[in-house]
Amino acid sequence: MAARARRRPGHWLLPALGLALATAFACAVAAEGVIAADREARSALAGSGSQQRSVEVSWLGPVTPAVGRRAQALLHGLGLPAPTRVALMNPVRLDGVIVRPAAISSLGHWVSGRAALPGACTPSVCPMLLAGGALQRRILHVPGVNIRVTGTTTLRSATPLGFVPPKSSGTPVLVTGDERGLDSLSGLSGVYRSHSWLSPLRTDQLQSWQLAGLERRLQAAQAALVQEGSQFSLSAPFAALDAARAEAATAPRRLLTAGGGALAALSVFLILTAYGLRRDQRDEVQRLQIAGARLSQRLVFSLGEAAALSACAVVAGFAVGIAVCALLAHAAGLPVGAVLNHSLLSLTGVVTLAAGWLLASAVIGLVLLAPGGRAADVLALAGAAALALALSRGGSTGGALAVLVAPLACVAAGVVVYRGAAALLRAGERLARAGPLPARLALVGLARAPVAPSLAIAFIAVSTGLAGFALAYRATLERGAADQAADQVPLDARLTPTPSFQTPLELAPLARWRRLAGGSVLAVRRTDATFTSGASSVTVPALGIPASGLALIHGWRTSDGSAPLGRLAARLRPPGPVRSRGPVLPAAARSLSLTMSAPSAAVEVAAELRDSAGTVTELPLGLASARPRTVTARLPTGRHELQALELSEPAGEQATTGHQNAENPAAATQFSTAVSLGPAVAIGRSGERLQRSALGRWDGVGAAAGSGRGGSAMRLRFADSGAAGVVRPPQPSDVRPVPVLVDPATAAAAARNRQIGLTVDGLPVRGVVVGVLRRFPTVPADAAGFVIADEATLAAALEASLPGQGAADELWIDTAKARVLGAALGGGALASLGQSFRSAVEHRLRTEPIAVGTLGTLAAAAGLGAVLAIVGLLAALVGALREPLVERDLAIQGLGPRALRRELQLRILLAGALGVLAGAAVAAVLTRLAVAAVRGGATIQAPRPPLVTVAPWGQLALGALGLVAAFALVGWLASAAVMARRRWA
């Protein structure tokens, strides 16, 4: 064997090269798995919040310097950074005010605001900052305590105190950075307090392989404190560590699944090149048989040669893999030695390397010894069966099979192409007999010795198919990320209320938002709707969205609705106006007067005024009593519409009635009274009557029942039901239901006339189903259904029952100036709004470690396959011209140097083009597996909306043309090199 290797060193070059590169690729995938695991663990820890990933040592009792040193030593022994010391007192009354003092070391790291940090506490004065609550006094002085409030601030996190003090409510919280000074105040010596030392885990310095050891040390320290009966207690972020460890454990498996599938596709190079050696191997075995070698000796010779080849190739590939691993670790900013120790140089890595060597030796030996190439045929049948199964299941293949089907199909395709290439070349040679001489000779040369060209064509087909599958995988993943981002943020940005429930339109008018966005701004009403389905009631999300803005939603699919989006949007818009306006008061009006009476009981009356921006302001008018009287109230500044009048029971009588009903075992007492309202008169500055509005045709809803019959006054009946009564002009929603788009389950609950009774915000709304949607953006996946209506129509229907109830509470913004909008949202009152940008969400989804690692693995496999294809093509075709018989035959046919060069170029180009064509066909079939592969690789967790297959036909065509061009260039360079060698020879 050694003599054969020395005599013919290039004999095993191609199999050794393929196996070495496959080994290096597997090593790179293993290293990338460790790197991806580290990134996933850091991402999980960073997403848990600083409070959830902090280690806290607490002490109950007075603190001495020894106690502080012991606490710091505990955290330092765990390898954690320097802690933050916190002292938190119970609420205490100081100078007549209840406050809660606290001390946080390194205070500047935990607070935000423009106030200067307070200085150290002294016996004479202790400067502190107000971190929450309202405090009118700036100096709190009692014996032994003199606190001076030097400014206000807010805590960045709940980590130090365990909570974030509310800004304007609750007990005022005063903070200082001098914990020893606060403890030394004699006036607070009797106040109970807790002391803690906090040390957040440093995600930038904690690697995934350190998580298990850190968790064991934390558990041991916690158990030791319990056993010694210390006043110390230790709490650690075990939940965050467990979640990070789970992510770190699953990341390599997911990546190795994709990498293992790509490695299976690359193994076709080894199998096919081994087939190219079968003739020479048979000749050598026959020579040994003639020389008297026994069967066992012949088997030892063949298997030993395969094992020696595999050993050399695996060792060389492992060395290259170590270098690649070092480069990947350095690029990721991780210690190279640690990554190697936990991937290639670990016990698992060494055992896997040995198993790979045995497997490669067995495969090569099987290919060389199997009669008639049946093993390859079996492999092809297995791959074809797996592909047929996956396609028949419509992309529902799960787990590792989904990722492995594509490589198995590539292997099967390689064997099929290898088998059929010879017949195809012979057919091409017959068809080209009347063609140009170089082309005819090129096809004759390919068809005369078809083994090497068939191998080269199979190499190219496999690498092209794998590259096409990688493109489809990438396109499907990117489309999935874009659709998920659009499902969370339908336009470019989405703004939601602040933690104190202030809406975007309460902080800034719609006109300002449009100026900031430079595009469309949709005011959206988000609430719940309840309807009856069978014997039970169902509550689903309800959204009011301007119908004209539906066309702006990103990621909408034709299959998402029962009709095109434009047609559905048109159905949402009812014919005619959605609201009937009340009388608009003159701009010069300064007060409003109303004549009213309630003979049986007093009724509270208020006017609901609506300004041009749609904001509703309540104007109390007074009590309607038995005697008719005219009341006058001063109007707010601006021009307003008298939208409605609201009737309610007086607060005092309501409390008395409620108390009596609570103590009385009999049925609750109720009363009703007739009420007369109107006319409403707008009065100017000098008392002149500017406008008189008759209310005789208005309607009463809710607790106010009645319909006007004309005249200047409205007469109705008000019932004490605990609800308000509203008197307003007749509205379109009284006679015309609100058009809604619903999910299939909600549509099934509608009546035969498609109408459905809804309760929205406790108010009755009559809807009519005009379309069915399978999903809608921002609706949770676990929702029982949804109801979508035009925002203006829904608001008008709600305000017909309760003025002001239809106000929008979030904004969907379409903008080309995302940076300008983001800068405006970064400071001031707007910064407290909930905000999300679609581009940021999409970027986060695309840059997830698993997604990036899987795409990189597939891209590397495709690139490596292309390199092997070019190498195999050159070795198979250019090497054939070195045979003396071939050269003599071409010379006899009168082929000169230029024609010889052209013939070689055509030979390489034809073989390459055939391989690319076969690979493109394979890639076109494999694109249907992209969705199953993304799911199997778990690169997108529970995608919503569901993934759709994306076939990047343009990229596939450009890639195929690029490969053909590359083969043309390779042919030109190879022919020039061959001619140069001949001239030197």
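Criteria and cut-off values
Residues numbered from 1 in each chain as written. Predicted model: local features only at pLDDT ≥ 70, side-chain atom pairs only at ≥ 80, totals over all residues. Heavy atoms only, no water. Helix = DSSP H or I, 4+ residues; strand = E, 2+ residues; numbered from the N terminus. Buried < 20%, exposed > 50% of the residue type's maximum accessible area, 1.4 Å probe, protein only. Contact = heavy atoms within 4.5 Å. Phe/Tyr/Trp six-rings, centres within 6.5 Å; stacked < 30°, edge-to-face > 60°. Pairing = 2+ DSSP bridges. Axes fitted to C-alpha atoms, helices over the stretch in contact; angles between N-to-C directions. Parallel < 35°, antiparallel > 145°, perpendicular 65-115°, else oblique. Left-handed = near helix turned anticlockwise from the far one by under 90°. Nonpolar A, V, L, I, M, F, W, Y, C, P; charged D, E, K, R; others polar. Disulfide = S-S within 2.5 Å. Salt bridge = Lys/Arg side-chain N within 4 Å of Asp/Glu carboxyl O. Arc of directions from axis to C-beta. Core = buried A, V, L, I, M, F, W, Y, C linked by side-chain atoms within 4.5 Å. Patch = residues over 30% accessible without salt bridge, like charges linked within 9 Å, V, L, I, M, F, W, Y side chains within 5 Å. Areas by Shrake-Rupley, 256 points an atom, 1.4 Å probe, with all protein chains shown as cover. Polar contact = N/O pair within 3.5 Å; in protein donor to acceptor, adjacent residues only side chain to side chain. pLDDT = per-residue confidence, 0-100.

Trainee: Residues and numbers for the overall build of the protein, please.
Mentor: Within the protein, the regular secondary structure consists of 28 helices and 32 strands. Within the protein, the proportion of its 985 residues that are buried is 49%. Here the analysis covers contacts within the protein between residues at least 6 apart in sequence; of these, 77% occur between residues at least 24 apart.

Trainee: A description of the packing of aromatic side chains should follow, citing residues and the corresponding values.
Mentor: By the definition in use, this model includes three aromatic pairs. Aromatic side chains W556 and F776 sit 6.0 Å apart centroid to centroid with 70° between the ring planes, which places their arrangement in the edge-to-face category. Of the two residues, W556 is situated in the loop between β15 (536-545) and α18 (565-572) and F776 in the loop between β29 (763-772) and β30 (787-790); the sequence distance between them amounts to 220 residues. F776 sits in the buried class, given a relative accessible area of 1%. Aromatic ring contacts, followed pair by pair, group W59, W197 and F232 into a single cluster.

Trainee: I'd like to hear about the pairing of strand β27 (residues 738-742), residue by residue, with values.
Mentor: Burial within β27 is extensive, with five of its five residues counted as buried. In this sheet, β29 lies alongside β27 in parallel orientation, the contact comprising five bridges. In the sheet register, V738 faces β29, and the bridge partner there is G767. As paired strands, β27 and β30 are joined by three bridges and run antiparallel to one another. From the neighbouring strand, L741 faces β30, where its bridge partner is I788.

Trainee: With reference to specific residues and values, describe the packing of helix α9 (residues 295-332) against helix α11 (residues 347-369).
Mentor: The N-to-C vectors of α9 and α11 enclose an angle of 140°; their axes lie 8 Å apart at closest approach. Here α11 runs oblique to α9, going by the angle between their axes. Note on packing geometry: the crossing formed by α9 with α11 is right-handed. Taking contact as the criterion, the partners of L299, S302, L303, A306, A307, L309, S310, A311, V314 and F318 in α9 are, on α11, L353, W357, A360, S361, I364, G365 and L369. Grouping the amino acids of the contact of α9 with α11 by side-chain chemistry returns 13 nonpolar, four polar and no charged.

Trainee: Account for the state of the cysteines, naming residues and giving values.
Mentor: By definition, a disulfide links two cysteine residues through a covalent bond between their sulfur atoms. Taken as a whole and judged by the stated rule, the model has one disulfide. Note that C121 is cross-linked by a disulfide to C126, the S-S spacing being 1.9 Å. For the pair C121 and C126, one class covers both residues: buried. Not part of a disulfide, C325 finds its nearest cysteine sulfur in C27, a span of 8.3 Å. A relative accessible area of 0% places C325 in the buried class.

Trainee: Give a description of unusual backbone geometry that names residues and reports values.
Mentor: Excluding glycine, residues mostly carry a negative phi; peptide bonds, for their part, are mostly trans. Across the junction of G678 and P679, the peptide omega takes the value 0°, indicating a cis bond. Structurally, P679 is set in strand β21 (residues 672-683). In this model, S106 sits at a positive phi of 50°, which is unusual for a non-glycine residue. Here S106 lies in the loop between β4 (97-104) and α4 (107-110).

Trainee: With reference to specific residues and values, describe the pairing of β29.
Mentor: The buried fraction of β29 amounts to seven of the 10 residues, a majority that puts the element mostly inside the structure. The pairing of strand β28 (residues 755-760) with β29 spans six bridges and is classified as antiparallel. Among the inter-strand pairings, V760 is bridged to a residue of β29, identified as L763. Here β28 folds back onto β29 in antiparallel fashion, the turn holding two residues, of which D761 has a positive phi close to 55°.

Trainee: Help me get a handle on the pattern of salt bridges, residues and values and all.
Mentor: Enumeration according to the criterion identifies 18 salt bridges in this entry. With a shortest N-O distance of 2.6 Å, R557 and D483 are connected by a salt bridge. Placement of the pair is R557 in the loop between β15 and α18 and D483 in helix α15 (residues 451-488), with a sequence separation of 74 residues. Residue R557 is classed as buried on the basis of its relative accessible area of 10%. Salt bridges sharing partners connect three or more residues here, namely R85, D183 and R193.

Trainee: Please provide a residue-by-residue account of α18, values included.
Mentor: Along α18, the residues that are buried comprise L565, L568, A569 and L572. For α18, the angular spread of buried residues about the axis comes to 100°, placing them on one side. The elements touched by buried residues of α18 are β27, β29, β30 and α21 (791-799).

Trainee: Which residues make up the packing of helix α2 (residues 13-47) against α9, and what values go with them?
Mentor: It is the contact of α2 with α9, at a shortest axis distance of 7 Å, that shows an interaxial angle of 30°. In terms of orientation, α2 lies roughly parallel with respect to α9. In this structure, α2 meets α9 at a crossing whose hand is right-handed.

Trainee: Tell me about the nonpolar core, and please be specific about residues and values.
Mentor: A general trend in soluble globular proteins is that nonpolar side chains are found buried together. L594, L621, L645, L647, L677 and V727 are the most contacted members of the largest nonpolar core, which totals 31 residues. Broken down by secondary-structure element, the contributors of at least two residues to this core are β16 (591-597), β17 (603-610), β18 (616-624), β19 (629-634), β20 (641-648), β21 and β25 (714-719). Ignoring anything within four residues of it in the chain, the contact list for V727 reads A644, L645, L647, L677, W698, D699, G700, A704, M714 and L716. Residues W59, F232, L234 and A251 belong to the second largest nonpolar core, which totals 30 residues.

Trainee: Go over the environment of A115 with me, naming the residues and quoting the values.
Mentor: Within the secondary structure, A115 is located in the loop between β5 (111-112) and β6 (126-132). Along the backbone, A115 and T152 are 37 residues apart, and their C-alpha atoms lie at a distance of 6.3 Å. Not counting residues up to four positions away in its chain, the partners in contact with A115 are L129, G151 and T152.

Trainee: Report on the side chain of D699, specifying residues and quantitative values.
Mentor: Structurally, D699 is set in strand β23 (residues 699-702). The contact partners of D699, leaving out residues within four places of it in the chain, are G706, S707, G708, M714, V726, V727, R728, P730 and D734.

Trainee: Explain a nonpolar patch on the surface residue by residue, including any values.
Mentor: A cluster of nonpolar side chains, namely L295, L299, L303 and L369, defines an oily patch on the protein surface of about 340 Å² accessible area. The biggest single contributor to the nonpolar patch is α9, with three residues. Structurally, L303 can be placed in helix α9.

Trainee: So what about the side chain of S343? Which residues, and what values?
Mentor: Within the fold, S343 resides in the loop between α10 (336-341) and α11. Taking relative accessible area as the criterion, S343 reaches 7% and is therefore assigned buried. A distance of 2.5 Å separates the side chain of S343 from the backbone oxygen of V339, its partner in a polar contact. Ignoring any residue separated from it by four or fewer positions in sequence, one finds S343 in contact with A30, A31, V34, C325 and G349.

Trainee: I'd like a rundown of the environment of V111, residues and numbers included.
Mentor: Locating V111 in the fold gives a position in strand β5. Through-space distance from the C-alpha of V111 to that of V175 is 9.8 Å; in sequence the pair is 64 residues apart. Apart from residues lying up to four places away in sequence, V111 is in contact with L117, T153, T154, L155 and R156.

Trainee: Could you give an account of the confidence of the model for the protein, naming the residues involved and the relevant values?
Mentor: On average, the protein scores 80 in pLDDT, and the residues at 70 or more come to 83%. Looking across the protein, the model is least confident in helix α12 (residues 374-392), with a mean pLDDT of 53, and most confident in β30, with 94. Counting interchain partners and residues more than four positions distant, the pLDDT-below-50 stretch residues 394-400 has eight contacts. The low-confidence segment residues 881-885, where pLDDT is below 50, has nine contacts with residues more than four positions distant or belonging to other chains.

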